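An overview of the molecular structure
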Amino acid sequence: MDTSLINSQTVELLSRITGQNLSKRDITPQVIFLASLVTVLLGVIFVDGTVAEQEKQRLLKILYRFSLPESGVRRLTHLIIKGVKDNQIYKKNNDLLTLTAPLSESEKLLLIGFGYEISAADGEMDSREKKYLEIAAQNLGIKSQHLAVLETGFTHQGNIDSNALNEVHFLLNPARFHELDFIFVQAASDMLAALPAKPEIKTTRNHTTVAYEELKKFQAYRQQLDNYCYQVFQIIQECQKDTFLPHTLIEEVSAVSRKLQSQRFRLAVVGEFSQGKSTLLNALLGEEIQPVRAIPCSGTVTVLKYGTQKRVICRYKDGRNEEIPFDQYKVKATISKEAALDHRSDELAESDIEEIIFEHPELALCKSGVEIVDSPGLNEHPQRTAITQKILTDTDAAIFLTHAMRLLSEKEKELLSDVRYQLNNGSNKEPSHNLFVLVNFMDMLDKKEDIQDVKHRLESFVKKENLLASKNINRVHYISAKAALNSIQQGNNDEYLRYFQDFTQSLERFLTQERGIVKINRAVSEINRLIQKSLGALSIAENSLDGKIKLSNAGKKEILEKIGEASGCDIRIRNLVEERKKLVIEETKESWDEWHQGLENRITRKSKQWFSQHNPVFSQDKLIKDYTNQFIQELSRDIDEWGNQSLKERILQKYIQLLNADIAYELDKIEGEFHKLDQQVKTNFSKQINISITEVNNNFMGFGGIGGGLGIGGALAAGLVVFAGIGFIAIIVASVATALAGALGLGMLDIDGIHHKIKKTVCQIGLKKFREESKDKVYQTTQEIINAVFHERVKSTSRVIAEAISLYENLIEQQEKVHQETLEQREAEKAFIYQKRQELERVQNELEIMINKSTALSQL
């Protein structure tokens, strides 16, 4: 859902519908979807002029899927039903378009799907209802063949086009609805279950396939975990309806499920131009997907992932998304031959494409849960730091590809150092645990001594630089991607295929045994944490029913006071955060100004080390481009250094540690109050809240996750917007050439002097551009990072406080409920609680068995 499309017209319409004075902040994706859904469903119900009781019940049954009883969303749903009915919104096409404007294609299809469900509730569709849905769908841009699938699915009449069925299954994939809520994910899953199953995709390829059996096993484990998570969700949901569990547990289990369902291994492929990255990917995928040619080719970041059909989506830098025909993919994904031949890496920066998403149904590696990120050649890319930071964020493994015939040039060593720096979250001292180095084009080496020389040179460099963590998995491989691809396509089992399979098996073992086990353990830990909380809360509910926990009126009053104190704690923490943040921003401003004052001297000093093979007399433009690129990279590194050393390690660390201490003090007070309550009325609240507090403290340990995946330095360097603008390098080249014209025209043929003059002029013009057009943007990015770091702490702490309040409220609700029930009702509820505890403990035992199995596999 594109919430940026929520405008004042949307807010005004929803305010009119609900009768509330809403603001843009109130218009959540869930509210937008529900308002759209109510409009469509009421349109179906009212179009034939009669409203049957069965239709009313069906309406509420559908809408109640999206909210819990007594929740704010449930109350809002009733307001929306009344407002849409009274204002006859379902008759006004423009209003429907206003409501649905932010919805994605998948969300619109789900919306109309519910329309078909309510229309076909009695087994057949009224012609007027069908016409209404067809008109609504046409206005929403839904394909008629997709409607045919929905109609056949709910009426069980007619034939289905297999391509259309595949497309509907793809669009209603539950993973596409995580932005909304777990309940919407389940709704999409239920909708798919009501439709015919998609046909098996049959392949006719005769060539060898690269099997990824261990990855498939891991996917089976992940699916099993998701099933366990859903079982826990159902148990919690059933218990919460009867006030046996606090409502916050629903939100927690939904968050865990979203993480599980979106969990993928992310694999990045990086290297300089013409190292065979595209061919390597084609060999990994077993199909020629990536464009390949002898000269530099890849022109943008490309993400390859699994999809039920071939589908290509362009994401542009201005935020637009565009689905393009498959035959345009290779055109969009490449730079022009002219730019490649002329080494015009600035064409990469001038592209308006942010990334290309390529989805495909038959790529074995992607089907096994791996997303592959292919980078353009990065040796001379003006935005190299920003790109490496982007593609290596949250990467499980990176493959660095080098060429056997030109192994590890100085620039390539720099790039490799940058890659390790990003993978290690700003450190080049420790070896990288998730970096693989591949030497390609080994088939071009004819002599054994040449092969041994290449291996010796690389392995000596790796050892000297302490580049890679060894452990039990080989992270250096020597291959020929082209020869391996040919062997795959022709069904040959030769040495090149075997070398390639050695690499794929090492990669697979790393992903499953080192990364996968961590992911599984973390997920099991999160599910177990929820089970422990649920068991503790059910124990309290059972004791309440047994009369072991009794609250007097004074006790209830005291708990209400504690709720107020907890709310006050939340406010105090928010105020503390604002105070600390203000101090951080002030100190950051001083540090930034100090950094900026010395910038020119530092860049000028470092420029003495710049090198170019181009002659200043015969290739002046190329020389200036070389130095301009080096200037941008130097400036990026300098910003990166300030971001990590000054902002992160000196300023943020100091104030975050102080804030962490403040938060720990406030949370300790809450835990202390619960401990008192435990002693007074024999609850176990302190144990439950301690689980959440421990989790928060673990997240905030030491530096508190400031660098964990945030990439402060790289994010700041990405703020160099002027250097990503159209034609910037051409502008600076022209400016430098003009500035040099007088000096060169006077017969200044001192080559070293010309180099010095060009470097000096590049620095002067580049720094002037930076001050005029990018300095403020970089500082703005700094403030955004500061806000993000502090916001994360507020969010985590507020979640614990909300849980504490929920536990208090739940206890009062239970006590009031117990007083109103008969002995027979209480006994029935105790039996229910006993059953649910048994179910939770069974899941807990099965999780333990599963983790033991996965650990045993990792040790093989």
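Rules used in this analysis
Residues numbered from 1 in each chain as written. Predicted model: local features only at pLDDT ≥ 70, side-chain atom pairs only at ≥ 80, totals over all residues. Heavy atoms only, no water. Core = buried A, V, L, I, M, F, W, Y, C linked by side-chain atoms within 4.5 Å. Buried < 20%, exposed > 50% of the residue type's maximum accessible area, 1.4 Å probe, protein only. Contact = heavy atoms within 4.5 Å. pLDDT = per-residue confidence, 0-100. Patch = residues over 30% accessible without salt bridge, like charges linked within 9 Å, V, L, I, M, F, W, Y side chains within 5 Å. Areas by Shrake-Rupley, 256 points an atom, 1.4 Å probe, with all protein chains shown as cover. Salt bridge = Lys/Arg side-chain N within 4 Å of Asp/Glu carboxyl O. Lys, Arg positive; Asp, Glu negative; His and termini not counted. Charge placed at Lys NZ, Arg CZ, Asp CG, Glu CD. Helix = DSSP H or I, 4+ residues; strand = E, 2+ residues; numbered from the N terminus. Pairing = 2+ DSSP bridges. Axes fitted to C-alpha atoms, helices over the stretch in contact; angles between N-to-C directions.

1. What to know about the nonpolar core
Formed by 76 residues in total, the largest nonpolar core has its most connected members in L280, I372 and I399. For I399, the residues in contact, after removing those within four places along its chain, are L267, A268, V269, V270, L280, L284, F436, L438, F503 and L507. Within the second largest apolar cluster, 63 residues are counted, among which are L37, I89, L99 and A164.

2. Some words on the confidence of the model for the chain
With 81% of its residues at a pLDDT of 70 or more, the chain shows a mean pLDDT of 78. Low pLDDT, under 50, characterises residues 291-298; the predicted model gives this stretch 36 contacts beyond four residues in sequence or across chains.

3. Digging into a negative patch on the surface
A surface patch of like charges, here negative, comprises D446, E449, D450 and D453. Its location among the elements puts D453 in helix α20 (residues 448-464).

4. Structural notes on the pattern of salt bridges
Applying the stated criterion across every chain yields a total of 41 salt bridges. Measuring nitrogen to oxygen at the nearest pair gives 3.9 Å for the salt bridge that ties K143 to E167. Of the two residues, K143 sits in the loop between α7 (127-139) and α8 (144-155) while E167 sits in helix α9 (residues 162-171), which places them 24 residues apart along the sequence. Taking relative accessible area as the criterion, K143 reaches 39% and is therefore assigned partly exposed. The shortest N-O distance in the salt bridge between D396 and R515 comes to 3.6 Å.

5. With respect to the sheet that holds strand β3 (residues 311-316)
Strand order in the open sheet made by the nine strands is β4-β3-β5-β2-β6-β1-β7-β8-β9, with mixed pairing throughout. Strands with a single pairing partner mark the edges of an open sheet, and in this sheet they are β4 (321-324) and β9 (476-478). With strand direction ignored, the average angle separating the axes of adjacent strands in the sheet is 20 degrees.

6. A few points about the pairing of β3
The element β3 is extensively covered by neighbouring structure, given that five of its six residues are classed as buried. In the sheet, β3 pairs with strand β5 (residues 353-360) via six bridges, with the strands oriented antiparallel. The residue bridging R315 from the neighbouring strand is E355, located in β5. Relative to β4, β3 is paired through four bridges, and the arrangement is antiparallel. Looking at the pairing, V312 lines up with I324 of β4. Counted between consecutive antiparallel strands, the loop separating β3 from β4 contains four residues, among which G319 sits at a positive phi close to 100 degrees.

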